[in-house]
Amino acid sequence: MFVIGTAGHVDHGKSTLVKALTGIDPDRLQEEKAREMTIDLGFAWLKLPSGREVSIVDVPGHERFIKNMLAGVGGIDAAILVIAADEGVMPQTKEHLAILDLLEISKAVVALTKVDLVDEEWLSLVYEDVFQLLKGTVLEGSPIVCVSSRTGKGLGDLVKILDSILVDSPRSVKGVPRLPIDRVFTIKGFGTVVTGTLIEGSLILGQEVEILPTGKRARIRGLQSHKNQISSVGPGRRVAVNLSGVDVSDIQRGDVLVTPGKFRPTKRIDVYVRAVSDLDDPITHADKLEFFSGTTQSQAILSLLGIDTIDPGSSGYAQLRLSDPVVVSPGDYFILRKASPSVTVGGGIVLSPYPRRHKRSDSAILQLMNILHRGSINDKVVSILSLYGPMPLNDLLMSLGYAHEDDIRGMIANSQLISISSGYNSDSLVMTREFWDSIEQGVTIELHEYHSNFPLRKGMPKEEFRKKLPVPLRFTSAVLHKLIEDNIIKDLGDSVSATDWRLEVPAYLKYKADRILESIRAGGSSPPSPTEIDADRELLQALVDMGKLVKVDDDIYFSIDVYEDMVDKILADIDKSGPITVARARDLLGTSRKYVLALLEYMDEQRITRRSGDYRVRR
Ligand SMILES: Nc1nc2c(ncn2[C@@H]2O[C@H](COP(=O)(O)OP(=O)(O)OP(=O)(O)O)[C@@H](O)[C@H]2O)c(=O)[nH]1
């Protein structure tokens, strides 16, 4: 589906032409009728000879209403540039042409209107003038048709030309729906209605939607296109959406209707800027300008990257700081105007909707801009991830545009990118293969350093390890698991170690360790307490972690062979004589009640035995 927009100087016959073509008067407002001037946007639709229906947006030509004009042309696929044959090229003819050029609306036709008012000679002069005017713009070579809305002359040709230029819709049904709102009103008995051009994706009756930047949620209660009730709508269509759960006063022109959670309003964007060629002054760093995109507008401060000015007709990269949050996607077009004198100075393309602040002279940033502007999607993904580090998949899609979802998933599938699922919200973290390699190397170095600093510890506690990972906190668990799974680190329960590391008593403590082991083994089932043999607690724990001692409580450590022997004896006795009491176990092991009690409790903890009243039974 296509949306056609009018453009052209005030009073040159745009609204009259739309009415002559469609039978619908686009001037809706009382004031517009009284003053015979379009103030706000008007809407109509037309069936082309091929049978296709197209929407028409009629815009005001008066320079005072340029903001409304910009809200109207923000979503169009093709333009009719209207120039009155009696007056010829006028200031807003030029400004509107410059805007179409900046928005790269190359599907266009020029309608020389009011030809009933001029003679052939004059007409050919104006025709030549217009022909020259289009040169060097995206409209160069566009058909020029002479029409009269009064006599009907040329209208048939105009419609045929429109039919022939409207091929290959650039809009995708697959994308995420986004509807820049151009009107909000109430209909008695129905409530809130918003209208706009759906720029991608589709909307379905009953669906939940979000209004940005406010984040208000609503439900689609009704859909209309060209006054027909419909149950779903695809991209490139004018649509009226009846919403429940949201008040008219909560919404305004410039807001955007989207599916919840898919877009985030932004006040800083990276852009490619082109300056209008017949400007008096260059665009300069730190200029305060007005930014228009879709139906949105905001004040903007321009930070030029790598340059101080953009000369008329030239281009450059910039970061815009906006006073109001906007909802934009990469590839969106925008216009920049100066407030006084009121003039369109340039426009361009959004490259990155959620950038960081840049150093103006950073060559890496200029390189990134170049790639975001003209690079392949693979290069864009790799550059963004290399510069900004790992990113949740949804943020990456938001940064590069949902149209690239399949490409990005393809890069994950062929391991160019690593994706780690957090397990909840189906949220996953995406990073380059290089970044993943650097995590692997980084943790290995980190763990070896830890092992040499703490030679008596079996590993780094998992909590501590997770905090060191260079990824957002909610993904640290998932990353930890992948590192274990890929055999980069070793899982030790509550801690982790390097895979090639084994806990060993360092040489300088060997003598001490041997003495401790000897004393405890010599004690058999009644070993001395650590205090009695003046044993270092950390060293004891290391001997436990190495499997040489078993710690049954803070004061009782058994030698492993003694412990295993005692466990065997108790289990054999249970098998032979049934559940065992503390007293029977004491006699069996020939030790005191203190040791037996601690041992049996430990065995319960280890799920070897279970306590049942005064007895222990096997688990
Ligand atoms: N003779 C003649 N008059 C025309 C023709 N088309 C429009 N007009 C007249 O020109 C005047 C302006 O026409 P509009 O259609 O309102 O002009 P517009 O471009 O829509 O004006 P804005 O929307 O305010 O910019 C009206 O009085 C029309 O009747 C035409 O083909 N021939």
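Residues numbered from 1 in each chain as written. Predicted model: local features only at pLDDT ≥ 70, side-chain atom pairs only at ≥ 80, totals over all residues. Heavy atoms only, no water.

## Brief notes about the sheet that holds strand β29 (residues 495-498)
Either a parallel or an antiparallel arrangement is found when strands of a sheet pair, and the pairing is made through backbone hydrogen bonds. Put simply, the test is: Only strands joined by at least two bridges in the DSSP assignment are considered to pair. The secondary structure listing takes helices from DSSP runs of H or I that are at least 4 residues long and strands from runs of E that are at least 2 residues long, numbered from the N terminus. Note on contacts: a residue pair is in contact if any heavy atoms of the two residues lie within 4.5 Å. What counts as an axis is a line fitted to C-alpha atoms, over the stretch in contact for a helix, and the angles between N-to-C directions run from 0 to 180 degrees.
Strand order in this open sheet of three strands is β27-β29-β28, and the pairing throughout is antiparallel. Each edge of the sheet is formed by a strand with only one pairing partner; in this case those strands are β27 (460-461) and β28 (489-491). Pairing between β28 and β29: three bridges, direction antiparallel. By the bridge assignment, Ile489 is partnered in β29 with Ala498. This element, helix α11 (residues 433-453), spans β27, β28 and β29 of the sheet and lies at about 100° to β29.

## As for the pairing of strand β31 (residues 556-559)
Stated formally: Throughout this description, buried means an accessible area under 20% of the type-specific maximum (1.4 Å probe, protein chains only), exposed means over 50%, and partly exposed covers the range between.
Burial of the side chains of β31 extends over both faces: Ile556 and Phe558 are buried on one face and Tyr557 and Ser559 on the other. Here strand β30 (residues 549-553) runs beside β31; their pairing, made up of four bridges, is antiparallel. Bridge pairing links Lys551 to Tyr557 in β31. A loop of two residues connects β30 with β31, the two strands running antiparallel in sequence.

## As for empty space enclosed by the protein
Quick note on the threshold: Using a 1 Å grid laid over the protein atoms alone, points where a 1.4 Å probe fits but cannot get out form a cavity; open sets with protein on both sides within 12 Å along at least 5 of 7 lines form a pocket; any residue with an atom within 4 Å of a point counts as lining. Grid points are joined across faces, edges and corners, and a volume is the space filled by probe spheres set on the points. Each residue is assigned to one of three groups, with Ala, Val, Leu, Ile, Met, Phe, Trp, Tyr, Cys and Pro labelled nonpolar, Asp, Glu, Lys and Arg labelled charged, and all others, Gly among them, labelled polar. All domain edges in this entry derive from an automatic or database-based domain assignment.
What the rule picks out here adds up to two cavities of 30 Å³ or more. By volume, the largest cavity is sized at about 80 Å³. In terms of lining residues, the largest cavity is bounded by 13 residues, among which Ala71, Gly75, Asp182, Thr197 and Thr295 are the most central. Those elements that provide at least two residues to the lining of the largest cavity are α3 (66-73) and β7 (178-187). In terms of residue class, the lining of the largest cavity is made up of five nonpolar, six polar and two charged. Of the volumes computed, that of the second largest cavity is approximately 60 Å³. Secondary-structure elements contributing two or more residues to the lining of the second largest cavity are α3, β18 (288-293) and β22 (333-338). Grouping the amino acids of the lining of the second largest cavity by side-chain chemistry returns six nonpolar, three polar and no charged. In terms of domain composition, the lining of the second largest cavity takes at least three residues from each of domain 1 (2-165) and domain 3 (266-366).

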